[in-house]
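Spelled out, the chains give:
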Amino acid sequence: MNEPTVQMGPNFIRNLIEEDLATGKHDMIITRFPPEPNGYLHIGHAKSICLNFGLAAIFNGRCHLRFDDTNPVKEEQEYIDAIKTDIRWLGFDWGEHEYYASDYFETLYRYAVRLIDKGLAYVCDLTSDQIRSYRGSLTEPGRESPYRHRTVAENRQLLSEMRAGSYPDGSKVVRAKIDMASPNLNLRDPVLYRILHATHHRTADRWCIYPMYDFAHGQSDSIERISHSICTLEFEDHRPLYDWLCEALEIYHPQQIEFARLNLTYTVMSKRRLLELVTDQHVTGWDDPRMPTLSGMRRRGFPAAAVRAFCDRIGVGKSDSVIDMGVLEDCVREELDSCTPRAMAVLRPLKIVITNYPEGRSEEFTVPKHPKYPEMGSRTIPFSREIYIDSDDFKEDPPKKFFRLGPGREVRLRYGYIIRCDEVVKDPTTNEVVKLMCSYDPETAGGKLPEGRTKVKGIIHWVSVPHAIPVDICLYDRLFTEPNPTGVKDVDYRDHLNPNSLEVLTESYVEPGLQGAKVGDSFQFERLGYFCVDSHSPTSDKPIFNRIVSLRDTWAKLQGEG
RNA sequence: AGGGGCGUCGCCAAGCGGUAAGGCACCGGAUUUUGAUUCCGGCAUUCACAGGUUCGAAUCCUGUCGCCCCUGCCA
């Protein structure tokens, strides 16, 4: 396993743990990442994973992977497998420490019995609607259930009958006996167990009562002797309940610390919505390269190291925040720039005929795979009389500061000759530019500049027509047109879906050296961006390249302003 | 006065009584056979606001305002 070097700036959780270690409150720290196997992991989970595994690595502790699988109707083995794959991809290893809340069902049941014996829990026959109305509201206290004062013996009897399957779904629950007037709604006799005659993906039909999250999560942490239970802000209100439970049960009491969950612009982050995008087929699946899921980003070509760098860069705090997508993209570019071999590709081809280059002749240029790291080796690119250039590198009527090709203009072919556009050939009916007749200067090969010749400012990429490999290109853009798709009043987030989030180009070409590229291989197509071979390429011989991220483009930015 | 939390540059974020780190974005400029990369330089007299304590406050106290979360037999 590739053990990542963990980067983590100072943050309040790290400081707190440092203090706990310094004061001897703990000799070793144990954290955990506790996903529910009901969906795929997304970049928000990556933040939590990097935090929990990162902290464990920094302080020489350990981090458990625990599946909080207490709701059999929503959870599936498929998700467990996908989650494990994603965490390993991110570069983290939980070793032997793979746990399941369902492994603790028997212990949890004994805990429930213990509460009943202490008169701190009871079996309640109210319907869910009744429980809701008895709960009161934010501003009004609740009312006690008429079943609240059943005897210990009766409660024990009822609970064991519940477990034995004597009652139908929803007919009874067990509740903690805390305080129906508490200003904290979580303390108004919360439900601990419900009856669910459902087959669980791990315990099959052994149980027909299942613990609620609030009765499983904290105790699971306790059972695993988690020193620091790190979770997101919305569980802050639940902490008093976990405290109450640990005290009532007289069990080990982990310390819960809450941090703000990640939000990213131009995407959504809730599992519910991501699932909707998948089931409504707005995307092709959980691993659609436009999804903020780890599987989507992996397929898109984001390096795991970039995701880790991102998680470090955004920090950890308690204030609600929305991170600009640009931060993630910058991390991806930074990682890819140093490790990605360069290549030339033409996305929207425009043919050029070099009129003074002999017909039938061709030559090869040997150029570095990476201009800054010659140790990465070299590649050869063929040149011939006909080449493709990208159509936006030619403008019949060039705007100001456009230093690419235009009628009568000169431009340098990357790693090749300087050419001049002598003639523009158009389709007589559509008036579209179909071909450019150019001439080359044989004295300018490989960057050479003869004495007295003025330097050309523009350099463009190209591919030799007879040597070009046809490929399909997938251009991805942000999934939504709104920075905060769920934040616009009275508008469904799906109405902000970007209709142009995927553009498929089917007439693109790459240099012949990319012939043997394998799924997942990444390249920088010079002047265009980073691309990788898609894992869903058809078995046909025409590969698909996903654009991972574009290069920074100050020219495009200037254009946008104009 | 229902409870809990948060408010430091456009977006994140250090800082924890001694006089505002860093990143992204943005703006200059240098180098460049990728308008990329790299490199330099600029970018909060001010920390939601108002009072108070102090020689000294983003940091302590009081009050005000704004935003987020909580009424699943989901997690």
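Keep in mind that what you see is a predicted model, and the values were worked out from it rather than measured.

Turning our attention to unusual backbone geometry. A positive phi is found at Arg-225, a non-glycine position, where the angle reads about 55 degrees. Considering the arrangement of structural elements, one finds Arg-225 in the loop between helix 7 (213-223) and strand 8 (228-232). Positive phi outside glycine occurs at Glu-250, with the angle close to 60 degrees. As for its position among the elements, Glu-250 is in the loop between helix 8 (239-249) and strand 9 (255-259).

For chain A, the assigned domains are domain 1 (123-212), domain 2 (264-339 + 470-562) and domain 3 (343-467). One C-alpha centre belongs to domain 2, the other to domain 3, and the line joining them spans 29 Å. Tallying the contact residues gives 22 residues for domain 2 and 29 residues for domain 3. Of the roughly 2,100 Å² buried where domain 2 meets domain 3, counting both sides, 54% is carbon and sulfur surface. Looking only at domain 2, the three residues that lose the most surface to domain 3 are Glu-511, Glu-526 and Arg-527, adding up to 33% of its buried area. Counting across the domain 2 and domain 3 interface gives five salt bridges. Measuring nitrogen to oxygen at the nearest pair gives 2.4 Å for the salt bridge that ties Arg-527 to Asp-393.

Let's shift gears to the packing of aromatic side chains. Enumeration according to the criterion identifies 24 aromatic pairs in this entry. Look at Tyr-79 and Trp-286: their rings are 6.4 Å apart centre to centre, the planes differ by 85 degrees, and that puts the pair in the edge-to-face class. With a gap of 207 residues between them, Tyr-79 in helix 3 (residues 77-90) and Trp-286 in the loop between helix 9 (271-279) and helix 10 (294-300) connect regions that are remote in the sequence. Residues Tyr-79 and Trp-286 agree in their burial class; the two are buried.

So, about the layout of surface pockets. Computed from the structure, the second largest pocket encloses a volume of approximately 1,200 Å³. Taken together, 43 residues form the lining of the second largest pocket, with Leu-528, Arg-547, Ser-550, Leu-551 and Asp-553 sitting closest to its centre. Sorting the residues of the lining of the second largest pocket by element identifies helix 10, helix 12 (325-339), strand 21 (469-476), strand 25 (544-550) and helix 13 (554-561) as the ones contributing at least two each. The residue makeup of the lining of the second largest pocket, split by class, is 20 nonpolar, six polar and 17 charged. In this structure, the lining of the second largest pocket is formed jointly by two domains, domain 2 (264-339 + 470-562) and domain 3 (343-467), each of which donates at least three residues.

Of all residues adjacent to RNA strand B, which total 66 residues, the nearest are Arg-414, Gly-446, Gly-447, Arg-552 and Thr-554. Among atoms of RNA strand B positioned within 4 Å of the protein, sugar and phosphate together represent 66%. For RNA strand B, a base nitrogen lies 2.4 Å from a polar atom in the side chain of Arg-404. Ranked by residues supplied to the surface near RNA strand B, first place goes to helix 12 with four residues. Residue composition of the surface near RNA strand B, by class: 23 nonpolar, 18 polar and 25 charged.

Moving on, we get to the sheet that holds strand 4 (residues 121-124). Spatially, four strands are ordered 4-5-6-7 in an open sheet, and the strand pairing comes out antiparallel. The open sheet has two edge strands with one neighbour each: strand 4 and strand 7 (209-211). Adjacent strand axes in the sheet meet at a mean angle of 20 degrees when their direction is disregarded. Pairing of strand 5 (residues 173-176) with strand 6 (residues 191-195), which is carried by three bridges, proceeds in the antiparallel orientation.

On to the side chain of Arg-188, then. Relative to the helices and strands, Arg-188 resides in the loop between strand 5 and strand 6. For the buried Arg-188, no salt bridge is present, and the opposite-charge side chain at shortest range is Glu-140, 7.5 Å distant. Among the polar contacts listed, one links the side chain of Arg-188 to the backbone oxygen of Glu-140, at a separation of 2.8 Å. Among the polar contacts made by the side chain of Arg-188, one reaches the main-chain carbonyl oxygen of Ser-182 at a distance of 2.5 Å. Arg-188 has contacts with Arg-135, Gly-136, Ser-137, Glu-140, Pro-141, Gly-142, Arg-175, Asp-179, Met-180, Ala-181, Ser-182 and Pro-183, leaving out every residue within four places of it along the chain.

Now for helix 2 (residues 43-58). Turn by turn, an α-helix covers 3.6 residues, leaving residues three or four places apart pointing in a common direction. In this model, helix 2 (16 residues) spans 21 Å end to end at C-alpha, consistent with the 22 Å of a helix rising 1.5 Å per residue. For helix 2, the tally of buried residues reaches 14 of 16 residues, placing the bulk of the element in the interior. Just downstream of helix 2, Asn-60 is the residue with a positive phi angle, here 60 degrees.

The sheet built from seven strands is open, its strands ordered 10-23-24-25-21-22-11 with mixed pairing. Single-partner strands in this sheet number two, and they are strand 10 (342-343) and strand 11 (345-346). In this sheet, strand 25 lies alongside strand 24 (residues 529-533) in antiparallel orientation, the contact comprising five bridges. Paired with Phe-531 across the strands is Arg-547, a residue of strand 25. In the packing of helix 12 onto the sheet, the strands contacted are strand 10, strand 23 (522-525), strand 24 and strand 25, and the crossing angle to strand 25 comes to about 115 degrees.

This paragraph deals with helix 1 (residues 12-22). Turning to helix 1, its buried residues are Ile-13, Arg-14, Ile-17 and Asp-20. For helix 1, the angular spread of buried residues about the axis comes to 120 degrees, placing them on one side. Facing away from the buried side of helix 1, by more than 90 degrees, are the exposed residues Glu-19 and Ala-22. Where helix 1 is buried, its residues meet helix 2, strand 8 and strand 9. Looking at where helix 1 begins, the residue whose side-chain oxygen comes 3.0 Å from the main-chain nitrogen of Ile-13 is Asn-11. Backbone geometry just downstream of helix 1 places Gly-24 in the positive-phi region, at approximately 80 degrees.

The rules behind each value
- Residues numbered from 1 in each chain as written.
- Chains lettered and ligands numbered in written order.
- Predicted model: local features only at pLDDT ≥ 70, side-chain atom pairs only at ≥ 80, totals over all residues.
- Heavy atoms only, no water.
- Helix = DSSP H or I, 4+ residues; strand = E, 2+ residues; numbered from the N terminus.
- Domains from an automatic or database assignment.
- Contact = heavy atoms within 4.5 Å.
- Buried area = accessible area lost by both parts, 1.4 Å probe.
- Salt bridge = Lys/Arg side-chain N within 4 Å of Asp/Glu carboxyl O.
- Phe/Tyr/Trp six-rings, centres within 6.5 Å; stacked < 30°, edge-to-face > 60°.
- Buried < 20%, exposed > 50% of the residue type's maximum accessible area, 1.4 Å probe, protein only.
- 1 Å grid on protein atoms, 1.4 Å probe; cavity = no way out; pocket = protein on both sides within 12 Å on 5 of 7 lines; lining within 4 Å.
- Points joined across faces, edges and corners; volume = space filled by probe spheres on them.
- Nonpolar A, V, L, I, M, F, W, Y, C, P; charged D, E, K, R; others polar.
- Near = heavy atom within 4 Å.
- Polar contact = N/O pair within 3.5 Å; in protein donor to acceptor, adjacent residues only side chain to side chain.
- Pairing = 2+ DSSP bridges.
- Axes fitted to C-alpha atoms, helices over the stretch in contact; angles between N-to-C directions.
- Lys, Arg positive; Asp, Glu negative; His and termini not counted.
- Expected span 1.5 Å × (residues − 1).
- Arc of directions from axis to C-beta.

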